[in-house]
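Working through the structure, step by step
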Amino acid sequence: MTHGSSREYVILQDALHRFLFENAPIRGEHVHLGDTWRTILKHHEYPAVLRNTLGELMAAAALLAATLKLKGSLILQVQGNGPVSLLVVECNGDLGMRATAKWKGDLPQGGLAELVGDGRFAITLDPRDGSQTYQGIVALEGRSIAEILQNYMMRSEQLETRLWLAADEDHAGGMLLQKMPDKPEQDTDAWNRLGQLADTTKPDELLELSAETILHRLFHEEDVRLFAPQPVTFHCRCSRAGVANMLKILGREEVAGILDERGTIEVCCEFCNQQYHFDAVDTEEVFSSGIIAPGTDSRH
């Protein structure tokens, strides 16, 4: 296994590693989230069962975004009629991430089906360059985030994909294996063999061990090429200009009505809790000149 020296490896707190199996048409990725995940948790007090599910979806989004080599953003969204009505994660091409969830009442201790109920899974690719946005929507088929995404990738993209995901109050992590299409298979047993080896990974190993350590433990008899890590960060793209554009879409009359009723317009970002305030002077400048007033935004 081509990892270099046998030195002790240090966990990179927020990093994604790509790797390839030299003798099989299979690629893989490992992601570990520390500060990025804790920043998201700092903005919301999620119940533990919801927190862990959202963390798994976040790790999955980083893994899938890295396979796509995005210029824009990948958005994974789970919607349902259960106690948890929404989970959404956005990841851009630089692995800048944000996430949020909506729920009500006390949450049952169980799997995804108990949390979300009947629902759907949507994957959106937003190029953010003016070209067409792609969205695929499927029913929630699977008992976990990993199973849902594996089913989606096979049925919608015809890509055999395996995912292993984990999250707790401090970390989120995951690993992906994917069979590369249109590549000759010299080792016809490789996909099953490597999947069975990866199935021995425990959730705490995904959260506590480095990519090098996990790959050595699982695949030390394979010829694996590990690439340099790519950093993962928290990134929210909300802005005062974006809120101003939203007000323009609402229209002058609608905005004036809100101001008459409330005196000011307050918009809070659901991802990062940044608050934006617009009074009558601010909104008049938005509609008359398009210049965004500095305002007095605050964060809570």
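Please refer to the structure placed before this passage.
Everything in this summary refers to the structure shown in the same document. (Residues numbered from 1 in each chain as written. Predicted model: local features only at pLDDT ≥ 70, side-chain atom pairs only at ≥ 80, totals over all residues. Heavy atoms only, no water.)

What follows is about unusual backbone geometry. The phi dihedral of Leu 95 falls on the positive side, at around 60 degrees, and the residue is not glycine. By the element assignment, Leu 95 lies in the loop between strand E4 (84-92) and strand E5 (96-103). In this structure Leu 95 comes out as buried when scored by relative accessible area, which is 1%. Even without a glycine there, the phi angle at Gln 158 is positive, about 55 degrees. Within the secondary structure layout, Gln 158 lies in the loop between helix H4 (145-157) and strand E8 (161-167). A residue is classified by how much of its surface remains accessible, and Gln 158, at 53% relative accessible area, is exposed. (Helix = DSSP H or I, 4+ residues; strand = E, 2+ residues; numbered from the N terminus. Buried < 20%, exposed > 50% of the residue type's maximum accessible area, 1.4 Å probe, protein only.)

Attention shifts here to the environment of Glu 270. Position of Glu 270 relative to the elements: it lies in the loop between strand E13 (265-268) and strand E14 (274-278). Residue classification places Glu 270 among the partly exposed residues on the basis of a relative accessible area of 40%. Measuring from C-alpha to C-alpha, the distance between Glu 270 and Cys 238 comes to 9.5 Å, with 32 residues separating the pair along the chain. For Glu 270, the contacting residues outside a window of four places in its chain are His 44, Thr 100 and Lys 102. (Contact = heavy atoms within 4.5 Å.)

With the rule as written, the count across this model stands at 4 aromatic pairs. Judged by centre distance (5.8 Å) and plane angle (80 degrees), the rings of Phe 19 and Phe 21 are edge-to-face. Phe 21 matches Phe 19 in its accessibility class, with the two residues each being buried. Consider the rings of Tyr 46 and Trp 103, whose centres lie 5.6 Å apart with planes at 55 degrees: the pair is tilted. With Tyr 46 in the loop between helix H1 (35-43) and helix H2 (48-68) and Trp 103 in strand E5, this residue pair connects regions lying 57 residues apart in the sequence. Overall, the relative accessible area of 33% leaves Trp 103 in the partly exposed class. A network of ring pairs unites the aromatic residues Phe 19, Phe 21 and Phe 219 as a single cluster. Sitting over the ring of Phe 271, Arg 98 keeps its end group 3.9 Å from the ring centre. Over the ring of Phe 278 we find Arg 240, and its NZ or CZ is 4.0 Å from the ring centre. (Phe/Tyr/Trp six-rings, centres within 6.5 Å; stacked < 30°, edge-to-face > 60°. Lys NZ or Arg CZ within 6 Å of the ring centre and 35° of its normal.)

Here we take up the sheet that holds strand E12 (residues 233-234). Sheet architecture is open: 6 strands sit in the order E7-E6-E3-E4-E5-E12, paired in mixed fashion. The outermost strands of the open sheet, each flanked by one partner alone, are strand E7 (134-139) and E12. Relative to E4, strand E3 (residues 73-80) runs antiparallel, the two sharing 7 bridges. Across the sheet, Ile 75 pairs through a bridge with Glu 90, a residue of E4. On the sheet, H2 packs against E3, E4, E5 and strand E6 (119-126) and is oriented at approximately 35 degrees with respect to E4. Sheet strands touched by H4: E3, E6 and E7. Its angle to E7, the strand with the most contacts, is close to 120 degrees. (Pairing = 2+ DSSP bridges. Axes fitted to C-alpha atoms, helices over the stretch in contact; angles between N-to-C directions.)

One pass over the full model with this rule turns up 15 salt bridges. Across the pair Arg 143 and Glu 147 runs a salt bridge whose closest N-O atoms are separated by 2.9 Å. Exposure remark for Arg 143: the relative accessible area of 67% places this residue in the exposed category. Take Glu 147: its relative accessible area is 25%, and that puts it in the partly exposed class. Here Arg 252 ties to Glu 284 by a salt bridge, and the two come within 3.0 Å at their closest N and O atoms. Taken as a pair, Arg 252 in helix H9 (residues 252-262) and Glu 284 in helix H10 (residues 280-288) lie far apart in primary sequence, 32 residues in all. With relative accessibility at 41%, the residue Arg 252 sits in the partly exposed group. Its relative accessible area of 39% is what places Glu 284 among the partly exposed residues. (Salt bridge = Lys/Arg side-chain N within 4 Å of Asp/Glu carboxyl O.)

Another point: the packing of H9 against H10. Relative to each other, H9 and H10 sit at 175 degrees, their axes nearing to 11 Å. The pairing of H9 with H10 is recorded here as roughly antiparallel in orientation. Touching Arg 252, Val 255 and Leu 259 of H9 are Ala 280, Thr 283, Glu 284, Phe 287 and Ser 288, all from H10. (Parallel < 35°, antiparallel > 145°, perpendicular 65-115°, else oblique.)

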